[in-house]
Amino acid sequence: MYEEARLKEQLKKMIIDACRVEGVVPEEIGDTDRLIGGTGVLELDSLDALEISVALQREFGIKIDNATVAADAMRSIESLAAFVSKVSSQSRS
């Protein structure tokens with residue numbers, strides 16, 4: 001299982017890189033800020049959600065096939081970290 005603070009930091013960096021976000025550092029992204037369609041520092045859209053999905057598969061081996069699951073997981077860094085932890089722990093069982 002991933003250490004929560006480290007996982008959130010890793011996810012923030014992954015999103016910045018995958019979505020080619022300029023002028024934003026991980027520390028500026030709040031754990032509960034809305035990722036997709038929000039008004040936070042990222043201002044990501046549905047194409048960015050696809051980039052995040054591809055990055056999750058590349059970095060964590062996690063594939064999201066369901067749009068509802070993706071929307072729930074990508075609400076915030078907090079929800080994305082919980083999703084990654086849950087899926088990772090299930091795959092180890």
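Residues numbered from 1 in each chain as written. Predicted model: local features only at pLDDT ≥ 70, side-chain atom pairs only at ≥ 80, totals over all residues. Heavy atoms only, no water.

## Topic: the pattern of salt bridges
So, point 1. According to the stated counting rule, one finds five salt bridges in the structure shown.
So, point 2. Residue Arg-20 is joined to Glu-51 by a salt bridge in which the shortest nitrogen-to-oxygen separation is 3.8 Å. Highlighted residues: Arg-20 in the loop between helix H1 (4-18) and helix H2 (46-60) and Glu-51 in helix H2, separated in sequence by 31 residues.
So, point 3. By relative accessible area, Glu-51 is classed as partly exposed at 30%.
So, point 4. A salt bridge links Asp-72 to Arg-75, with the shortest nitrogen-to-oxygen separation between them at 4.0 Å.
So, point 5. In this structure Asp-72 comes out as partly exposed when scored by relative accessible area, which is 42%.
So, point 6. Take Arg-75: its relative accessible area is 42%, and that puts it in the partly exposed class. (Salt bridge = Lys/Arg side-chain N within 4 Å of Asp/Glu carboxyl O. Helix = DSSP H or I, 4+ residues; strand = E, 2+ residues; numbered from the N terminus. Buried < 20%, exposed > 50% of the residue type's maximum accessible area, 1.4 Å probe, protein only.)

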